[in-house]
Amino acid sequence: MPPSVRLDLALPPRYPAEAVLAFFARRAIPGVEHISATSYRRSFAFNGTPGWLQADLVRGVLEVQHADPDAVAEVAARARHLFDLDAPRAAIRRCFARDARLGPLLREHGDIRVPGCWDGFELGVRAVLGQQITVAAARTIASRIVARHAPRIAGAAADEPCHSLFPDAAVFTAADMDGLGLTGARIATLRALADAVAGGAVDFDPAQGGAPFVARCTAVRGIGPWTAHYMAMRALRDSDAFPAGDIVLRKVLRPGTTLSVKELEAASQPWRPYRAYAVLLLWRAA
């Protein structure tokens, strides 16, 4: 096993560890991610070499296992985005406090965070898998993809839950997806996304901004606004990304009715530029 380095995550006061871990737990990809009551663990690659990170979100400790010492600084920086440790809490609270719906919810649920991701393409695959099926079903299919296309990491302990690296875009461009529980249309979308990422038509650089990213993503066959905005929320850290087509949001905002996409867009305008945080708050409320 590679050496292990421990760092202080410098958690903000009253960080909502339980809610963040619950979000990751429902979506964790078996073989790549593992969530316990207090921590998040995953495999990753740095300069082509595999390693592991584990973040205890209760004690505020980050552990990095990698053969290259330079990996530690990279993981430490990315962990802050992964767990949204630097969210502008005061500004979000000021924005939502005056809203008749979000103000009471924020007081009830406390601090809200938008969980990020380790890798944009991995999140993109997970988002495509989740189209029109349950979170649990998408997780099952993701585990099948890992089992078929992600060989076990050399040197991983026998009891290591994160024993594989998620396949990259180049693998998906030609990967056999038959028999995994995917429709033909979903397989075509995964390959189209992989081709776009491998060819550079789509990337996950936050500097490009949410709107250009959404435009590039929705140009990919099978990716609509919901999927693109969801990726922008978590991969680009776009605080104003807003999947207005989300059926949960359209139902929870006005119980007993279902808002149209246009109505939800209009209702969300006072929440800008923190609509992504409104999404997580409303999902929690639902």
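The present account deals with the structure reproduced in this document. Think of each chain on its own: its residues are numbered from 1, step by step along the sequence as written. Reporting in this predicted model follows two pLDDT cut-offs: at least 70 for local features of residues, and 80 or more for side-chain atom pairs to be given and counted; totals over whole chains, interfaces and linings ignore these cut-offs and use all residues. To get the side-chain values, all heavy atoms of the structure are used, and hydrogens and water are removed first.

### Section: the packing of aromatic side chains
- Each Phe, Tyr or Trp ring, with Trp reduced to its six-membered ring, pairs with another whose centre is within 6.5 Å; inter-plane angles below 30 degrees give stacked pairs, above 60 give edge-to-face pairs, and intermediate values give tilted ones. If you walk through the whole model with that rule in mind, you get 12 aromatic pairs.
- For the pair Phe166 and Phe172, a centre-to-centre distance of 5.8 Å together with 25° between the ring planes defines the contact as stacked.
- Each residue is assigned to one of three classes by its accessible area relative to the maximum for its type, calculated with a 1.4 Å probe on protein chains only: buried under 20%, partly exposed between the two thresholds, exposed over 50%. Assessed through its relative accessible area of 13%, Phe166 is described here as buried.
- Plain terms: the ring middles of Phe204 and Phe213 are 5.6 Å apart, the flat faces sit at 55° to each other, and that makes the pair tilted. One exposure class covers both Phe204 and Phe213, and it is buried.
- Ring pairs connect the aromatic residues Phe23, Phe24, Tyr40 and Phe83, which therefore count as one cluster.

### Brief notes about the pairing of strand β3 (residues 39–46)
- Helix numbers and strand numbers start at the N terminus; a helix is a DSSP run of H or I with at least 4 residues, a strand a run of E with at least 2. Of all eight residues in β3, seven are buried, a share of seventy percent or more.
- The criterion for strand pairing is that DSSP finds at least two bridges linking the strands in question. By the bridge criterion, three bridges tie strand β2 (residues 33–35) to β3 in an arrangement that is antiparallel. The partner of Ile35 across the bridge, within β3, is Tyr40.
- Following β2, the chain reverses through three residues before pairing antiparallel with β3.

### Quick word on the sheet that holds β3
- The strand order β1-β5-β4-β3-β2 describes an open sheet built from five strands, whose pairing is antiparallel. At either end of the open sheet lies a strand with only one pairing partner, and these are β1 (4–8) and β2. Neighbour to neighbour, the strand axes of the sheet diverge by 20° on average, direction disregarded.
- A contact between two residues is defined here by any heavy atoms of the two lying within 4.5 Å. Axes, fitted as lines to C-alpha atoms, cover a helix only where it is in contact. Angles between the N-to-C directions of the axes lie from 0 to 180 degrees. Its contacts with the sheet put helix α1 (residues 17–27) on β2 and β3, and the angle it makes with β2 is roughly 135°.
- Contacting β1, β3, β4 (49–56) and β5 (61–65), helix α2 (residues 70–82) runs over the sheet at an angle of about 130° to β3.

### Regarding the packing of helix α3 (residues 89–97) against helix α4 (residues 102–109)
- Direction vectors running N to C along α3 and α4 enclose 135°, while the axes themselves pass 7 Å from each other. Viewed along their axes, α3 and α4 adopt a mutual orientation that is oblique. Residues Arg93, Phe96 and Ala97 of α3 form the contact with α4, whose participating residues are Leu102, Gly103, Leu106 and Arg107.
- Basically, the charged four are Asp, Glu, Lys and Arg, the nonpolar ten are Ala, Val, Leu, Ile, Met, Phe, Trp, Tyr, Cys and Pro, and anything else, Gly included, counts as polar. Per-class residue counts for the contact of α3 with α4 are four nonpolar, one polar and two charged. The cut-offs work like this: below 35 degrees is roughly parallel, past 145 is roughly antiparallel, 65 to 115 is roughly perpendicular, and the gaps in between are oblique.

### Some words on empty space enclosed by the protein
- Cavities and pockets are defined on a 1 Å grid built over the protein atoms alone: a cavity is a set of grid points where a 1.4 Å probe fits but cannot escape, while a pocket is an open set with protein on both sides within 12 Å along at least five of seven lines, and lining residues are those with an atom within 4 Å of any such point. Grid points are joined across faces, edges and corners, and a volume is the space filled by probe spheres set on the points. Going through the model one piece at a time under the given rule, you end up with two cavities of 30 Å³ or more.
- The space that makes up the largest cavity amounts to roughly 130 Å³.
- Taken together, 15 residues make up the lining of the largest cavity; nearest its centre are Glu33, Cys117, Glu122, Leu123 and Arg234.
- Listed by contribution, the elements that provide at least two residues to the lining of the largest cavity are α1, β3 and α5 (120–129).
- In terms of residue count, the dominant contributor to the lining of the largest cavity is α5 (three residues).
- Put simply, the second largest cavity is a space of about 50 Å³.

### Structural notes on the nonpolar core
- We define a nonpolar core as any set of buried Ala, Val, Leu, Ile, Met, Phe, Trp, Tyr and Cys residues linked to one another through side-chain atoms lying within 4.5 Å. Among the nonpolar cores identified, the biggest contains 71 residues, and Phe96 and Leu129 are the most heavily contacted of them.
- If you tally residues by element for this core, the top one is helix α13 (residues 275–285), at eight residues.
- Ala28, Phe46, Ala71 and Leu85 belong to the second-largest nonpolar core, a separate cluster that totals 24 residues.

### Points about the environment of Asp176
- Structurally, Asp176 can be placed in the loop between α7 (169–172) and α8 (184–198).
- Between the C-alpha atoms of Asp176 and Arg148, which are 28 residues apart in sequence, the distance is 8.8 Å.
- Other than its neighbours up to four places away in sequence, Asp176 contacts Arg148, His149 and Arg191.
- For Asp176, the side chain forms a polar contact with the main-chain nitrogen of Asp178, separated by 3.0 Å. The term polar contact refers here to a pair of N or O atoms within 3.5 Å; inside protein, the definition further demands a hydrogen-donor-capable atom paired with an acceptor-capable atom, and it admits residues adjacent in sequence only when both atoms are side-chain atoms.

### Description of the environment of Ser239
- Along the chain, Ser239 turns up in the loop between α10 (225–234) and α11 (247–252).
- Separated by 29 residues in the primary sequence, Ser239 and Gly210 have C-alpha atoms spaced 8.9 Å apart.
- Contacts of Ser239, omitting those with residues within four sequence positions, involve Pro273, Tyr274, Arg275, Ala276 and Tyr277.
- There is a polar contact of 2.7 Å between the side chain of Ser239 and the backbone oxygen of Pro273.

### Examining the pattern of salt bridges
- Salt bridges are defined as contacts in which a side-chain nitrogen from Lys or Arg sits within 4 Å of a carboxyl oxygen from Asp or Glu. According to the stated counting rule, one finds 13 salt bridges in the structure shown.
- Measuring nitrogen to oxygen at the nearest pair gives 3.2 Å for the salt bridge that ties Arg275 to Asp240. With Arg275 in helix α13 and Asp240 in the loop between α10 and α11, this residue pair connects regions lying 35 residues apart in the sequence. By the burial criterion, Arg275 is buried, and Asp240 matches it.
- Linked by salt bridges that have partners in common, Asp240, Glu265, Arg272 and Arg275 make up one network.

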